[in-house]
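# Overview (structure and organization)
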Amino acid sequence: MEFFIISMLNGLSYGLLLFLLSSGLTLIFSMMGVLNFAHASFYMVGAYMGYSIAQVVGYWPALFLAPVVVGVLGAFFEKTSLRKVHKFGHVPELLVTFGLSYVILELVQLVWGRTAVEFRPPELLQGPAFTLLHYANDTMGFVWGRAPAELCSAGQALCSPFPATRAFMMLVAVVMLVSLWLLITRTRVGLVIQAALTHPEMAESLGHNVPRVFMMVFGAGTGLAGLAGVIGGSTFVTEPAMAATLGSVIFVVVVVGGLGSLSGAFLASVLIGVIQTFAVALDHSFITLAQAVGLQLSDALLDNSVLKLTLSQVAPILPYLFLVLILIFRPKGLLGTRET
């Protein structure tokens, strides 16, 4: 039970980080029809901007300022570059964002170097949010914060702390999901955005500046990526490879959830986060499972390198296997709608 609870919480926190990042990409695609290949690069820029700003004014101001800076950069890119190629179709849009990702990577390495920087969370988020206790009599409990040292060191209970940074990440993701839903469906700004998407000529005839609306949407989407970068960079590691690490997984999330579906991105993020976390934690192979159920395997099968592969070794390819299965059996995604 202790393994299940901790692994589930770790999976949910990782999944919600994926949602923090994929929500901005989903917002951009649903509103503009642009699949932004540089989205993970804006995530990386948010982490480095948060690191630099935190050195001057502290972490909490950086948590608000860095996404604003990244959002402004995204809006500037949309106005000066993406808008120019929009009339030529989706392929030039993909190519210009693909090229931007490499430009951002090189600029980051020039400014901050090729090695990881030490982006530490604030003191409030250092340490555990709570500690799960597993007593010798097989009962369980938890205490907020760190468990008493004598309780764990004396062997009275097995202590499993859950980091406060992961708990904060989960809280921000849930708040952002609710805020985005309310903004799009319950406010005048959301109605204008939806109108500009579906009927741009009518929205423009009513006095709304449609290009400005698209610029604001793109800036908001990249700003959300910057917010994810500040939280993810201080929770895990801030390095130039962080965009490549999560970039491909984010596109898996968006496609699996359904292109343009915010609720689908949330569901896919949680599913992929939980599945991959449990897979990493389980060190079992086909051979060990066969032996556990009493099957007798030949020496040739026992020496088979494929059968020796453990679930933790194949965990990195599971999201892409999930993507292939979704494209085969449900091409529109989990909660997507196919346009006719």
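What you see is a predicted model, and the numbers here were worked out from it, not measured in a lab. (Residues numbered from 1 in each chain as written. Predicted model: local features only at pLDDT ≥ 70, side-chain atom pairs only at ≥ 80, totals over all residues. Heavy atoms only, no water.)

Helix and strand counts for the chain come out as 15 helices and 3 strands. Here the chain has a C-alpha radius of gyration of 23 Å; the compact-globule value for 340 residues is 20 Å, and the two agree. Across its three principal axes, the chain shows a C-alpha extent of roughly 70 × 50 × 45 Å. The 340 residues of the chain split such that 47% are buried. Carbon and sulfur atoms make up 68% of the accessible area of the chain, which totals about 17,600 Å². Computed over 15 positive and 15 negative side-chain charges, the inter-centroid distance for the chain is 14 Å. (Helix = DSSP H or I, 4+ residues; strand = E, 2+ residues; numbered from the N terminus. Rg over C-alpha atoms; globule rule 2.2 N^0.38 Å. Buried < 20%, exposed > 50% of the residue type's maximum accessible area, 1.4 Å probe, protein only. Areas by Shrake-Rupley, 256 points an atom, 1.4 Å probe, with all protein chains shown as cover. Lys, Arg positive; Asp, Glu negative; His and termini not counted. Charge placed at Lys NZ, Arg CZ, Asp CG, Glu CD.)

We now examine a positive patch on the surface. Together, Lys79, Lys84, Lys87 and Arg212 make up a positively charged patch on the protein surface. Inspection of the secondary structure puts Arg212 in helix H9 (residues 210-235). (Patch = residues over 30% accessible without salt bridge, like charges linked within 9 Å, V, L, I, M, F, W, Y side chains within 5 Å. Salt bridge = Lys/Arg side-chain N within 4 Å of Asp/Glu carboxyl O.)

The topology assignment puts Gln276 in helix H11 (residues 262-281). The exposure class of Gln276 is buried, given its relative accessible area of 13%. In contact with Gln276, not counting residues within four places along its chain, are Tyr14, Ala315, Pro316 and Pro319. (Contact = heavy atoms within 4.5 Å.)

The next point concerns helix H10 (residues 242-257). With 16 residues, H10 ought to run about 22 Å at 1.5 Å a step, and its terminal C-alpha atoms sit 23 Å apart, in line with that. Across the 16 residues that make up H10, a large majority, 12, are buried. Turning to H10, its buried residues number three or more, namely Met242, Ala243, Leu246, Gly247, Val249, Ile250, Phe251, Val252, Val253, Val254, Val256 and Gly257. Just past H10, the residue Gly258 takes up positive phi, approximately 115°. (Expected span 1.5 Å × (residues − 1).)

The subject of this paragraph is the pattern of salt bridges. Following the criterion strictly, the structure yields 2 salt bridges and no others. Arg83 is the partner of Glu78 in a salt bridge, and the nearest nitrogen-oxygen pair spans 3.2 Å. Across the pair Glu118 and Arg120 runs a salt bridge, and its minimum N-O distance is 3.7 Å.

Okay, the side chain of Thr277 next. In this fold, Thr277 is placed in helix H11. Once residues lying within four places of it in the same chain are set aside, the contact partners of Thr277 are Ser7, Asn10, Gly11 and Tyr14.

We now examine the confidence of the model for the chain. Taken over all residues, the pLDDT of the chain has a mean of 85, while the share at 70 or more is 93%. Taking the mean pLDDT of every element in the chain, the minimum, 63, falls on helix H5 (residues 149-153) and the maximum, 95, on helix H2 (residues 39-57). (pLDDT = per-residue confidence, 0-100.)

It is worth spelling out the packing of H11 against helix H15 (residues 318-329) at this point. The description of two packed helices rests on the angle between their axes and on the distance between the axes. Put simply, H11 and H15 touch, their axes get as near as 10 Å, and they point 135° apart. On the basis of their axis angle, the class for H11 and H15 is oblique. In this structure, H11 meets H15 at a crossing whose hand is right-handed. Across the interface between the two elements, Leu271, Ile272, Ile275, Gln276 and Ala279 of H11 pack against Leu318, Pro319 and Phe322 of H15. For the contact of H11 with H15, the residue count by class is 7 nonpolar, 1 polar and no charged. (Axes fitted to C-alpha atoms, helices over the stretch in contact; angles between N-to-C directions. Parallel < 35°, antiparallel > 145°, perpendicular 65-115°, else oblique. Left-handed = near helix turned anticlockwise from the far one by under 90°. Nonpolar A, V, L, I, M, F, W, Y, C, P; charged D, E, K, R; others polar.)

This brings us to the nonpolar core. As a rule of thumb, nonpolar side chains are buried together in soluble globular proteins. Formed by 85 residues in total, the largest nonpolar core has its most connected members in Leu18, Leu20, Tyr43, Tyr59 and Ile231. If one sorts the elements of this core by residue count, helix H1 (residues 2-32) sits on top with 12 residues. Those residues in contact with Ile231 that sit more than four places away from it in its chain are Leu20, Tyr59, Leu63, Phe168, Met169 and Val172. (Core = buried A, V, L, I, M, F, W, Y, C linked by side-chain atoms within 4.5 Å.)

The next thing to look at is the environment of Ser22. Within the secondary structure, Ser22 sits in helix H1. Residue classification places Ser22 among the buried residues on the basis of a relative accessible area of 0%. In this structure the C-alpha to C-alpha distance between Ser22 and Leu183, which are 161 residues apart in sequence, comes to 17 Å. If we skip the residues at most four places from it in the chain, Ser22 touches Ile250, Val253, Val254, Ala265 and Ser269.

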